[in-house]
Amino acid sequence: MKILVTGRHGQVSTALQQRCANRSECQLIVLGRPEFDLDAPENLAAKIADHTPDLVVSAAAWTAVDLAEDEPEAAMRANGTAAGQVARGAALAGAPIIHLSTDYVFDGSKAGAWTEDDPVHPLGVYGATKLEGERQVSAQNRHHIILRTAWVTSPFGKNFVKTMLSLAQGRDTLTIVDDQYGCPTSAFDIVDGILAIAGQIERARDEDNLWGVYHLAGTGTATWCDYAREIFRQARALQLPSAQVQAVTSEAFPTKAARPKNSRLDCTKLESTFGFRTRPWQEALAEDMRVLAQA
């Protein structure tokens, strides 16, 4: 299968490149800047179609949540318009698309885990642009899988795990928010889910019930404070930097863009449709930590 992934250095793209490195059945094409530019969406459909992929993984995105509040038009070009054009390019090539979205399409007000059928209500510009991307992808390509995920981390790029380890190099105690709940998710689990889905949609493209929106996040939930404590518990065993963690409320760390208080995602639909379930988030974290320890 010839898989085209957008975004050269993102967490999911990098994890996909590593997972496919030794798989002969997976031919990977990676598009990134300067030839693939989310700020010039008018050129993207043709660029995608020219590569005649069997599957497109739309992973490139504007991810600077707070900056999106200051630059909403640029964020919308990247997450809305460009996403639609990538989906259009896949359709021109006769290929399905797997597009990555986010928990930020929800407002965080629900008591339990969010399902795919729950009403969407983004709190800020970033979530609104990702929701528009979902709408444009579904409009441009009937053969689409939209994967909403959350709290993505990996041994590379910018993420919470690497930030915690970096801060621990210079501080004995860190204050971490303890009233926002979510599902820590390894980029490697996202990629394993994508590859599991890819094989099935290739064999059953005409089954309309496969297409649509799914949630893919780590198994289990945590607050950011819980997450940090587990990072440092594992860090100490690996002789990586560690710190004590003090719990605080979100009000102690005001941000330009509001964050959902509840980002827990129900992934039952993904498991029942494709038979894929992520690892417990602590186990997935352990893989990332081992890689960081060996770096």
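Note that the structure is a prediction, hence the values are computed from the model and not measured.

A.B. asks: I tried to follow the overall build of the protein on my own but got confused; where do I start?
C.D. replies: Summing up its helical and strand segments, the protein has ten helices and twelve strands in all. Against the globule reference of 19 Å for 295 residues, the protein gives a C-alpha radius of gyration of 19 Å, in line with a compact fold. Along the first, second and third principal axes, the C-alpha set of the protein runs to 55 × 40 × 40 Å. Relative to its full complement of 295 residues, the protein shows a buried share of 54%. Partitioning the intrachain contacts of the protein with sequence separation of at least 6 by distance along the chain shows that 82% fall at a separation of at least 24.

A.B. asks: Help me understand helix H7 (residues 187-203), please; the structure alone is not making it clear to me.
C.D. replies: Residues that lie three or four places apart on an α-helix share one face, since the helix turns once every 3.6 residues. Spanning 17 residues, H7 covers 25 Å between terminal C-alpha atoms, matching the ideal 24 Å at 1.5 Å per step. If you check which residues of H7 are buried, you get Ala187, Phe188, Asp189, Ile190, Val191, Gly193, Ile194, Leu195, Ile197, Ala198 and Ile201. Where H7 begins, the side chain of Ser186 points an oxygen toward the backbone nitrogen of Phe188, at a separation of 3.1 Å.

A.B. asks: Sorry if this is basic, but what is going on with the pairing of strand E2 (residues 27-31) here?
C.D. replies: The two faces of the sheet receive side chains in turn, since in a regular strand these alternate between them. Two strands pair when backbone bridges link them, and strand E1 (residues 2-6) and E2 are joined in this way by five bridges, in the parallel orientation. Across the sheet, residue Leu4 finds its bridge partner in E2, namely Ile29. In this view, the connection linking E1 to its parallel neighbour E2 by way of helix H1 (residues 11-20) has right-handed handedness.

A.B. asks: I would appreciate a short explanation of the sheet that holds strand E3 (residues 55-58) in the present structure.
C.D. replies: Backbone hydrogen bonds are what pair the strands of a sheet, in a parallel or an antiparallel way. Judged by pairing direction, the sheet is parallel, and its six strands sit side by side in the order E2-E1-E3-E4-E5-E10 without closing on themselves. Only two strands of the sheet have a single partner each, and these edge strands are E2 and strand E10 (212-215). Each neighbouring strand pair of the sheet contributes to a mean axis angle of 20°, computed without reference to strand direction. Note: E1 against E3, three bridges, orientation parallel. Looking at the pairing, Ile3 lines up with Leu55 of E3. Packing of helix H4 (residues 72-92) onto the sheet brings it into contact with E1, E3 and strand E4 (97-102), and relative to E4 it is tilted by some 165°.

A.B. asks: Please explain the pairing of E4 as it appears in this structure.
C.D. replies: Extensive coverage of E4 is indicated by the burial of six of its six residues. Side-chain alternation along E4 places Ile97, His99 and Ser101 on one buried face and Ile98, Leu100 and Thr102 on a second face that is also buried. Sheet analysis places E3 next to E4, joined by three bridges and oriented parallel. Paired with Ser58 across the bridge in E4 is His99. Bridging between E4 and strand E5 (residues 144-149) involves six bridges; their strand directions are parallel.

A.B. asks: Whenever I open this one, the state of the cysteines confuses me. Can you help?
C.D. replies: Going through the model one piece at a time under the given rule, you end up with one disulfide. Covalent S-S linkage joins Cys20 and Cys26, the inter-sulfur distance amounting to 2.5 Å. When the S-S torsion is 65°, as for the bridge of Cys20 with Cys26, the disulfide is right-handed. Take Cys26: its relative accessible area is 10%, and that puts it in the buried class. The thiol of Cys183 is unpaired, and the distance to the nearest cysteine sulfur, on Cys267, comes to 6.3 Å. For Cys183, a relative accessible area of 3% corresponds to the buried category.

A.B. asks: In this structure, what is going on with the packing of aromatic side chains? I would like to understand it.
C.D. replies: What describes a pair of aromatic rings is the distance from one ring centre to the other and the angle between the planes of the rings. One pass over the full model with this rule turns up nine aromatic pairs. Residues Phe156 and Phe188 carry aromatic rings whose centres are separated by 5.8 Å and whose planes lie at 75° to one another, so their mutual orientation is edge-to-face. Of this pair, Phe156 sits in the loop between strand E6 (152-153) and helix H6 (160-168) while Phe188 sits in helix H7, and the two are 32 residues apart along the sequence. With respect to class, Phe156 is no different from Phe188; both count as buried. Taken together, the ring pairs connect Trp151, Phe160, Trp224, Tyr227 and Trp281 into an aromatic cluster. Lys269 extends its terminal NZ or CZ atom over the ring of Tyr214, reaching a point 4.5 Å from the ring centre.

The rules behind each value
- Residues numbered from 1 in each chain as written.
- Predicted model: local features only at pLDDT ≥ 70, side-chain atom pairs only at ≥ 80, totals over all residues.
- Heavy atoms only, no water.
- Helix = DSSP H or I, 4+ residues; strand = E, 2+ residues; numbered from the N terminus.
- Rg over C-alpha atoms; globule rule 2.2 N^0.38 Å.
- Buried < 20%, exposed > 50% of the residue type's maximum accessible area, 1.4 Å probe, protein only.
- Contact = heavy atoms within 4.5 Å.
- Expected span 1.5 Å × (residues − 1).
- Polar contact = N/O pair within 3.5 Å; in protein donor to acceptor, adjacent residues only side chain to side chain.
- Pairing = 2+ DSSP bridges.
- Right-handed = clockwise from strand over helix to strand, strands pointing away.
- Axes fitted to C-alpha atoms, helices over the stretch in contact; angles between N-to-C directions.
- Disulfide = S-S within 2.5 Å.
- Phe/Tyr/Trp six-rings, centres within 6.5 Å; stacked < 30°, edge-to-face > 60°.
- Lys NZ or Arg CZ within 6 Å of the ring centre and 35° of its normal.

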